[in-house]
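Examining the three-dimensional arrangement
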Number of protein chains: 2
Amino acid sequence: MNSLNSSEPPVFADVEDAARQLDGWARLTPILENSVLNETLGCRLLVKPECLQRTGSFKFRGAFNKISRIPEADKPAGVVAYSSGNHAQGVAHAAALMGLKATIIMPEDAPKAKIDNTRALGGNVVLYDRYTQNREEIGLKLQAETGAMLVKPYDDPFVIAGQGTVGLEIAMQTEALGVMPDMVIVPAGGGGLISGTALAIDGTLGCPVYAAEPAAFDDHKRSLESGARQTVPDDARSICDSLLAPTPGEITFSINGRLLAGGLSVSDDEALSAMKTAMTSLKIVVEPGGAVALASVLSGKIDVAGKTVVVVCSGGNADVEMLARALSM
Amino acid sequence: MNSLNSSEPPVFADVEDAARQLDGWARLTPILENSVLNETLGCRLLVKPECLQRTGSFKFRGAFNKISRIPEADKPAGVVAYSSGNHAQGVAHAAALMGLKATIIMPEDAPKAKIDNTRALGGNVVLYDRYTQNREEIGLKLQAETGAMLVKPYDDPFVIAGQGTVGLEIAMQTEALGVMPDMVIVPAGGGGLISGTALAIDGTLGCPVYAAEPAAFDDHKRSLESGARQTVPDDARSICDSLLAPTPGEITFSINGRLLAGGLSVSDDEALSAMKTAMTSLKIVVEPGGAVALASVLSGKIDVAGKTVVVVCSGGNADVEMLARALSM
């Protein structure tokens, strides 16, 4: 990948390159497990808590891998991004660290915590209506007006490679623990995190990688089953605000279609229940969308008996009301 | 320290020895921070989340450092411990890992989650009344009857040295971040965690270490001010169930009286409010007693302007009702 504007799918070496770029900038999140939970489930469940990453989700990785490579001459124009919230915060923070202006297009119904935090991180927030306006069009228009570089939320090789460092860390950390995972389960929205992670796992552990999604947004599951990108209906709704991309990305699916073992989907209540378990058993705060991989295991969507399973909890930027709702499950 | 029954205060080398003993058994908890929170506070706040440690608190460290050294011949008699909950879980888990039976004496008003988890970890739980019965007497009696080794919650050199590995990790991790802390603030109940940590910080960073306590259980603060161990009134109450030891330990205070810079105390509401901030900003679940060091900074109990401050969040074993109460602050 020579050009920052490349739309070539990244390969394993690009994920390794991203790890070098992120060294000293991204946080090495730990691997967590709970022995009582393991006994209850009859498996060894290893949790990669990206909610503990800078800005509260894995999105900082991809954003930084892209933004930190912008040449000096192009910096004054800044960057622009559209996001339901986590990418917004990742881009705003990465841009601020690199001294760039960031304009972020966010849906007006995004969790207040995400909007507030994006502003606090220095992002200039522009709100839009998720159900009547097209965020990609708004992004392209702003980009054309200002000359800013568009940092896409998932369909970008540098963003995908950056997110893939989650997978490299899983490989490194499970090796240090002396365990060989039987599978890795990763939340999928646009597919950036899971495609990068799948590249990393393919180049290291070689075990199956599954996508986890909200039941109403099971476009990856259906796309994997049919072999072509599927779209969810316009009236689909879920509390998993970080996973509402209606269809898999083009670049991400060119990777995911080849590398993923399948898709698992969970109800909103199952995601809420997993958030509660994350708080009480693992002592981490996970947002609804961040909890779907954990939820898929806890609600028995896949046979894990006797296996070692890694789930990524991808983010923790939930409003207080949503956390309280999860605790009441 | 040659004998496992020694009551000599440990020294820095004992903490280093504990780190070797715990290597591969205790989890290396990360250092967390939130850039928006830093900006709000006007300091750099680094959080050591021991709620993410095995069994949900730092207590596993001390328990394992003691129990893993029990000679083969003494193993069949097992171990006995008294605890409000976190030490119980640490001892039960360390004993199970080493193949020993563990009998745990717990107050009947301890959080249900702590009692349930201690049982789930394999501990044989014996309940007592915190306000009318003396747990040390019960412990000594059980020990005499069974020949089990008593694992004290704090006044034991091996337990103190084990907890001190938290301080060694703080020194190592802040060095890796390229920062030099101006102070370290640690919750204090019996004083085991803070005395071990103070030994570690004294042997490495050399910065001031402060004790944080519930206002009603400010025995360390008053003991440090008067130079002699003080006791809280019998009718003292706090929601910080893990910090209800009425007086500093004898061995722990022989270290703390010499090494600590002072004490800070917070109200129960300030602890609850810190729990909320821990959930929303740091994405970690902290119990009331585990949150007092964080609370002391958030509620302005010490001037942190422009400084780099490390706070230990010592545990996360709270009932769901307590978490919900914190979120409603």
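Predicted model only: the values in this text are computed from it and were never measured.

**Some details on the sheet that holds strand S9 (residues 308-313) of chain A**
All names here are of chain A. In spatial order, the strands read S1-S9-S6-S7-S8; together these 5 strands make up an open sheet with parallel pairing. If you trace the sheet from one side to the other, it starts and ends with strand S1 (44-49) and strand S8 (262-266), each paired once. Here the average twist between neighbouring strands, direction ignored, is 25°. Summarising the sheet, strand S6 (residues 183-187) and strand S7 (residues 209-214) pair through 4 bridges and their orientation is parallel. Counted as the bridge partner of valine 184 is valine 209 from S7. Against the sheet, helix H8 (residues 165-177) touches S1, S6 and S9, its axis set at about 135° to S1.

**Looking at the sheet that holds strand S2 (residues 79-82) of chain A**
Residues and elements named next belong to chain A. Reading across the sheet, the 4 strands line up as S4-S3-S2-S5 and stay open at both edges, with parallel pairing between neighbours. Two strands in the sheet have a free side with no partner beyond their single neighbour: strand S4 (124-128) and strand S5 (149-150). Inspection of the sheet shows strand S3 (residues 102-107) paired to S4 by 5 bridges, in the parallel sense. In the sheet register, isoleucine 104 faces S4, and the bridge partner there is valine 125. Taken strand by strand, helix H4 (residues 86-98) contacts S2 and S3, and its axis lies near 170° from that of S3. The strands that helix H6 (residues 135-146) touches are S2, S3, S4 and S5; relative to S2, the one it contacts most, it runs at about 170°.

**Things to note about the packing of aromatic side chains**
Throughout the structure, instances matching the rule amount to 4 aromatic pairs over all chains. Between Phe60(B) and Phe64(B), the ring centres sit 5.5 Å apart and the planes meet at 35°, which makes this aromatic pair tilted. Taken together, the positions of Phe60(B) and Phe64(B), both in helix H3 (residues 59-67) and 4 residues apart, correspond to about one turn of that helix. Across the pair, exposure class does not vary: Phe60(B) and Phe64(B) are buried alike. An aromatic cluster is built from Trp25(A), Phe60(A) and Phe64(A), whose rings are joined through pairwise contacts. Positioned over the ring face of Tyr131(A) is Arg237(A), at 3.7 Å from the centre of the ring.

**So, unusual backbone geometry**
Residues and elements named next belong to chain A. Despite not being glycine, lysine 283 shows a phi value in the positive range, around 65°. Checked against the element boundaries, lysine 283 lands in the loop between helix H12 (268-282) and helix H13 (292-298). Accessibility expressed as a relative area gives 5% for lysine 283, which makes it buried.

**Side note on the pairing of S8(A)**
Residue and element names in this part refer to chain A. Within S8, 5 of the 5 residues are buried, which leaves the element mostly enclosed by the surrounding structure. Neither face of S8 is left uncovered, since the one carrying Gly262, Leu264 and Val266 and the one carrying Gly263 and Ser265 both have all their residues buried. Both S7 and S8 contribute to a ladder of 5 bridges, which runs parallel. Bridge assignment links glutamate 213 to a residue of S8, and that residue is serine 265.

**Thoughts on the packing of H4(A) against helix H5 (residues 112-120) of chain A**
What describes two packed helices is the angle between their axes and the distance between those same axes. Residue and element names in this part refer to chain A. For the pair H4 and H5, the least separation of the axes is 9 Å and the interaxial angle reads 10°. Taken together, H4 and H5 sit at an angle that is classed as roughly parallel. Facing Asn86, Ala88, Gln89 and Ala92 of H4, the residues of H5 in contact are Lys114, Asn117 and Thr118.

**Section: the interface of chain B and chain A**
Counting from both sides, the interface comprises 28 residues of chain B and, opposite them, 28 residues of chain A. For the chain B and chain A pair, buried surface summed over both sides reaches about 2200 Å², with 66% attributable to carbon and sulfur atoms. For chain B, the biggest contributors to the area lost against chain A are Arg27(B), Lys283(B) and Leu327(B); these three give 27% of the whole. Here chain B is connected to chain A by 8 residue pairs in polar contact (both at pLDDT 80 or more). Split into classes, the residues belonging to the side of chain B that touches chain A amount to 16 nonpolar, 7 polar and 5 charged.

How each quantity is defined
Residues numbered from 1 in each chain as written. Chains lettered and ligands numbered in written order. Predicted model: local features only at pLDDT ≥ 70, side-chain atom pairs only at ≥ 80, totals over all residues. Heavy atoms only, no water. Pairing = 2+ DSSP bridges. Helix = DSSP H or I, 4+ residues; strand = E, 2+ residues; numbered from the N terminus. Axes fitted to C-alpha atoms, helices over the stretch in contact; angles between N-to-C directions. Contact = heavy atoms within 4.5 Å. Phe/Tyr/Trp six-rings, centres within 6.5 Å; stacked < 30°, edge-to-face > 60°. Buried < 20%, exposed > 50% of the residue type's maximum accessible area, 1.4 Å probe, protein only. Lys NZ or Arg CZ within 6 Å of the ring centre and 35° of its normal. Parallel < 35°, antiparallel > 145°, perpendicular 65-115°, else oblique. Buried area = accessible area lost by both parts, 1.4 Å probe. Polar contact = N/O pair within 3.5 Å; in protein donor to acceptor, adjacent residues only side chain to side chain. Nonpolar A, V, L, I, M, F, W, Y, C, P; charged D, E, K, R; others polar.

Any functional reading would require information beyond the geometric quantities listed.
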